[in-house]
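Examination of the molecular architecture
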Amino acid sequence: MKNDKKYSGLEIAIVGISCNMPGAADRREFWHNLQNGLECTHRMSREEMQALEMEEETIRNEAHIPVVPALKNKDTFDAAFFDYTPAEAMLMNPVHRALHQCVWEALEDAGCYPERVNGPIGFYVGAGDDSNWRLYARLKNRTEGMDSFSLNNISNKDFLAGLVAYKLNLKGPVVAINTTCSTSLVAIHQACKSLLFGEAKVALAGGITLRSEIQYGYFYQEGMIFSKDGHNRTFDAGASGTVATEGAGIVVLKRLQDAIDDHDHIYSIIKGSAINNDGNRKVDFTAVSVEGQVDCITRAQKVARVPAESISYVEAHGTATRLGDPIEVEALNVVFNHCMERSCAIGSVKTNIGHLDTAAGVAGLIKTALSLQHRQLPPSLHFEVANPEIDFAGGPFYVNTSLQDWVRRGDWPLRAGVSSFGIGGTNAHVILEEAPAVESSDAGPANKLLTVSARTAQSVKRYLERLLRFLGEEPDLNLGDLCYTLQTGRKAFGYRCTTVFRDRADLLDQLSGGRLAGQVRRSADRSVGVVFLFSGQGSQYAGMGRDLYEQDAVFRAYMDKGFSLLQSLTGEDHRSILYGEEGGKINQTKYTQPLLFLLEYALSMWLGQLGIVPRYMLGHSLGEYTAACVSGVIAFEQCLELVVRRGACMNAAQPGSMVSISLSEAAVQVYLQEGLSLAAVNGPEQVVLSGELAAIDRLTQALEADAVVYRVLHTSHAFHSAMMEEAGASFLPYWKHVSIQKATIPFISNVTGGFIGASELEHADYWVRQMREGVQFSKGLQTILQQGSREELVFVEVGAGQSLISLLKQQPVAELPAA
């Protein structure tokens, strides 16, 4: 049977990973340790034990195994970052502290900022109990005075999931889970179901185990689950049990199609999963069951719709107990139908880091996801001679003891199974598969914008140092993707640093030279509102937007979509007019208007992809159509067609002219003679008159005689004048079948200079008036500037020039925005 790599629709993508494992503070260190076959538990020296004031009798006791976890940054917590007081942080369960940070790091790794996710985020997690901390916190609280209810919230593991959800604004299903050793893999299974049922758009899942008491090691007892020599010798003849350690792991999950649509980085995909319980199909409560494991693994493969022979690696539970390992391999042999070909590697991360209890399953899953990403199988440690009770001869399994390339067999994609079995009988099994192939991103624009922010200036500087190390480790990284993720997948904090760079060498020079560290600035505490200004006819030129079109795939896709639609509407190639040999046509109204609208719309969508979304919008004449489209009032396809018809109707009018005059609206009234109209009020001392050619000639002569500064505009017609009456009448019928929706972003009416209302949008006559009557641009600017009393405003001219920003600067100084 061959696999054609078609997906069932039930696949889940792993798009983010965060972990703190013994010997590894993050996934990169974790993978390095796995690749190099490192055992990451710590065996205390005599001096260390003496420093802990251990009795000499204990130190010399052969049954005492002085192996402890080697967990990094266990005692650190940035309380202020998560808005906790020092008193709360002091009494908070270390499990809570560590998980807050792990979840945040996972979201950042996924480029997933909760406030920007279009849908709820779910959270499934579990942790072991820590009665030692709860007792300590109660005793400590005698002097702190926190009420018992609040103390319980921050010290009890059952409040763990809800507390993180509250701090990070996670609005999907949030569930605390405990099935002992299988907790975190069960959490992942439940998170996958939540995504498939549509309960969440994104889901986080995993587990954590931390112990607050001082670590002395443990005492070996024959017949119990702990190893007699401090090593987890999974599947080996010398196996005598496991080693209890600590750690945490969180994965960020999305439906596969959503991840592909969002252009996420995918580590691997979850094809299917299953959970069950042994019931009483075993010798006692703490034992394991062949039948239970067979049923669970078989169900997972059925859900994944994959045959057993397509799986080439199994990450085993692998506790190295005399009963557990043989039963696990026996169950796998049954599921794999006792295939005799040695075709499936097997291993266990516990040989590297010990048994993480509630976090054991997610540790195995992260190891396997990273193995799929790197197409390598790391060695399983401490295996020399197989446990004679394990029937390796009865199935396809062999223990992988060295780093090897993970190569596809035939047409099958790389696939793996991950098992986790809990004391009490709850089993979990997950089927993983390599991520789908994706096309490489283009390089992006020649000049790239790097943005970094944090809560303190020192944190920004540390971030820049980490970024420099990261770039050194990733020589093939797409820097355009890096900049995009930093801009859209991170929360913007008060202290910021930005720079524009040309290439890797330029960026490395800025980072290593310390120049960026000296550019950290604190932004204003007020909320920021972005204002998009859309320019009108007269700002166009041949080749506008060419560099961005050639260098950015997102902008190019929107432009190409418009070019294609324009071809079907007009039968003409507008791409060649804008970027080709027919550039001379750009100033003809019937071409100018649709091309300006398309450019402004594509720029708005591109900025939106970068996370720059307007709070308010103001367009000048034609620019109001862009504002209406971006706001959702008119669909893009309908709006582009309307602009085409508008341009054609206006182009068919009698020729006319327009003059920009440096006078106020009141002062220009003396020049408004027959054949002239007030076409626009752009500023306190900036107006435009429009009209017949002869009337414009008389006007310019009068202005020269009075020494009034003026400029004749490069237009072919007298827009926003009485000469547009017939054009308006011809244009009106095109609105008959246009669907008008409610505006999602407030924008300004050119007719009134105030925010446009639903009553205006409901009538097509409004858009005829908008073509005929004068543009109240200055009044519109005043309306928006009044919003500056509540928030800081940042104006962005979205178009072909800077004419509207120039008009903004002509407003009275006291009314200009701070930015």
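The structure reproduced in this document is the subject of the present report. Predicted model only: the values in this text are computed from it and were never measured. (Residues numbered from 1 in each chain as written. Predicted model: local features only at pLDDT ≥ 70, side-chain atom pairs only at ≥ 80, totals over all residues. Heavy atoms only, no water.)

1. Some points on the overall build of the chain
Assigned secondary structure in the chain consists of 29 helices and 27 strands. Its C-alpha atoms give the chain principal-axis dimensions of roughly 110 × 70 × 50 Å. Among the 819 residues that make up the chain, the fraction classed as buried is 55%. Long-range pairs, those at least 24 residues apart, make up 79% of the contacts in the chain with a sequence separation of at least 6. Surface accessibility of the chain: about 35,200 Å² in total, with carbon and sulfur atoms responsible for 50%. If the 73 positive side-chain charges of the chain are averaged to one point and the 93 negative ones to another, these points end up 1 Å apart. (Helix = DSSP H or I, 4+ residues; strand = E, 2+ residues; numbered from the N terminus. Buried < 20%, exposed > 50% of the residue type's maximum accessible area, 1.4 Å probe, protein only. Contact = heavy atoms within 4.5 Å. Areas by Shrake-Rupley, 256 points an atom, 1.4 Å probe, with all protein chains shown as cover. Lys, Arg positive; Asp, Glu negative; His and termini not counted. Charge placed at Lys NZ, Arg CZ, Asp CG, Glu CD.)

2. A short note on the pairing of strand β17 (residues 426-434)
Counting buried positions over the nine residues of β17 gives nine, a clear majority of the element. Residues Thr-426, Ala-428, Val-430, Leu-432 and Glu-434 line one face of β17 and the alternating positions Asn-427, His-429, Ile-431 and Glu-433 line the opposite face, and both faces are buried. Taken together, the nine bridges between strand β10 (residues 268-277) and β17 define a ladder with antiparallel strand orientation. Bridging across to β17, Ile-269 finds its partner in Glu-433. Bridge analysis of strand β16 (residues 415-421) against β17 gives seven bridges, and the strand direction is antiparallel. Along β17, the bridge assignment pairs Ser-419 with His-429. (Pairing = 2+ DSSP bridges.)

3. Section: the sheet that holds strand β22 (residues 616-619)
The strands making up a sheet associate through backbone hydrogen bonding, with each pair oriented either parallel or antiparallel. One open sheet accounts for three strands, arranged β22-β21-β27; its pairing is parallel. What marks the edges here is a single partner per strand, and that holds for β22 and β27 (792-797). Sheet twist, expressed as the mean angle between neighbouring strand axes with direction ignored, is 20°. In this structure, strand β21 (residues 528-534) lies alongside β22, joined through four bridges in parallel fashion. The partner of Leu-533 across the bridge, within β22, is Leu-618. Here helix α28 (residues 777-785) sits on the sheet and contacts β21, β22 and β27; the angle it forms with β22, its principal contact strand, is near 170°. (Axes fitted to C-alpha atoms, helices over the stretch in contact; angles between N-to-C directions.)

4. Quick word on the pattern of salt bridges
Pairs can form between side chains of opposite charge once their charged atoms are near each other. Overall, the coordinates contain 31 salt bridges when judged by the stated rule. One salt bridge connects Glu-108 with Arg-490, and the closest N-O pair in it is separated by 3.7 Å. With Glu-108 in helix α5 (residues 94-109) and Arg-490 in the loop between α16 (479-488) and β19 (495-501), this residue pair connects regions lying 382 residues apart in the sequence. The pair formed by Glu-108 and Arg-490 is uniform in burial state, with each residue classed as buried. Across the pair Arg-233 and Asp-229 runs a salt bridge, and its minimum N-O distance is 2.7 Å. (Salt bridge = Lys/Arg side-chain N within 4 Å of Asp/Glu carboxyl O.)

5. Some thoughts on a nonpolar patch on the surface
Judged by side-chain polarity, Leu-10, Leu-196, Phe-197 and Val-303 come together as a nonpolar surface patch covering roughly 350 Å² of accessible area. Inspection of the secondary structure puts Leu-196 in helix α9 (residues 183-196). Of the residues examined, Leu-196 reaches a relative accessible area of 36% and is grouped as partly exposed. (Patch = residues over 30% accessible without salt bridge, like charges linked within 9 Å, V, L, I, M, F, W, Y side chains within 5 Å.)

6. Remarks on the nonpolar core
With 81 residues, the main nonpolar core has Phe-555, Met-559 and Phe-795 as its most contacted residues. For this core, the element with the highest residue contribution is helix α21 (residues 589-609), accounting for 11 residues. Those residues in contact with Met-559 that sit more than four places away from it in its chain are Tyr-549, Leu-578, Tyr-579, Leu-598, Leu-599 and Ala-602. Counting residues in hydrophobic clusters, the runner-up holds 49 residues, among them Ala-137, Ala-165, Leu-170 and Phe-493. (Core = buried A, V, L, I, M, F, W, Y, C linked by side-chain atoms within 4.5 Å.)

7. With respect to the sheet that holds strand β23 (residues 657-661)
Strand order in the open sheet formed by four strands is β24-β25-β23-β26, and the pairing between neighbours is antiparallel. A single partner strand is all that each edge strand has here, and the edge strands are β24 (676-683) and β26 (710-712). Each adjacent strand pair in this sheet contributes to an overall mean axis angle of 20°, direction not counted. Pairing analysis gives five bridges linking β23 to strand β25 (residues 686-691), with the strands arranged antiparallel. Bridge pairing links Ile-661 to Val-687 in β25. Of the strands in this sheet, β23, β24, β25 and β26 are in contact with helix α24 (residues 693-705), which crosses β23 at around 20°.

8. So, helix α1 (residues 27-35)
Taken as a whole, α1 has its buried residues at Arg-27, Phe-30, Trp-31, Asn-33 and Leu-34. Angular distribution of buried residues about the axis of α1 spans 160°; they occupy a single face of the element. Those residues of α1 that are buried are in contact with β1 (12-20), α5, α13 (350-353), α14 (360-374) and β13 (376-377). One or two residues past the end of α1 sits Gly-37, with phi positive at roughly 60°. (Arc of directions from axis to C-beta.)

9. Examining the packing of aromatic side chains
For the structure on display, the rule yields 26 aromatic pairs. Here the aromatic rings of Phe-731 and Trp-735 are separated by 6.0 Å at their centres, their planes lie at 80°, and the arrangement is edge-to-face. On the basis of an interplanar angle of 85° and a centroid distance of 5.1 Å, the ring pair of Tyr-766 and Trp-767 is categorised as edge-to-face. Trp-767 gets classed as buried once you look at its relative accessible area, which sits at 0%. In this structure, Lys-167 packs its charged tip against the face of Tyr-84, placed 4.3 Å from the ring centre. Above the face of the Phe-81 ring, Arg-455 is positioned so that its terminal group lies 5.2 Å from the ring centre. (Phe/Tyr/Trp six-rings, centres within 6.5 Å; stacked < 30°, edge-to-face > 60°. Lys NZ or Arg CZ within 6 Å of the ring centre and 35° of its normal.)

10. Notes on the environment of Leu-622
Mapping Leu-622 onto the fold places it in the loop between β22 and α22 (623-630). Leu-622 sits in the buried class, given a relative accessible area of 1%. For the pair Leu-622 and Tyr-549, spaced 73 residues apart in sequence, the C-alpha separation works out to 22 Å. Not counting residues up to four positions away in its chain, the partners in contact with Leu-622 are Gly-536, Gln-593, Leu-596, Phe-597, Val-643 and Arg-646.

11. Observations concerning the side chain of Ser-312
For Ser-312, the position within the fold is in the loop between α11 (290-304) and β11 (313-315). With residues up to four places along the chain from it excluded, the contact list for Ser-312 reads Ser-343, Cys-344, Ala-345, Trp-406, Arg-409 and Arg-415.

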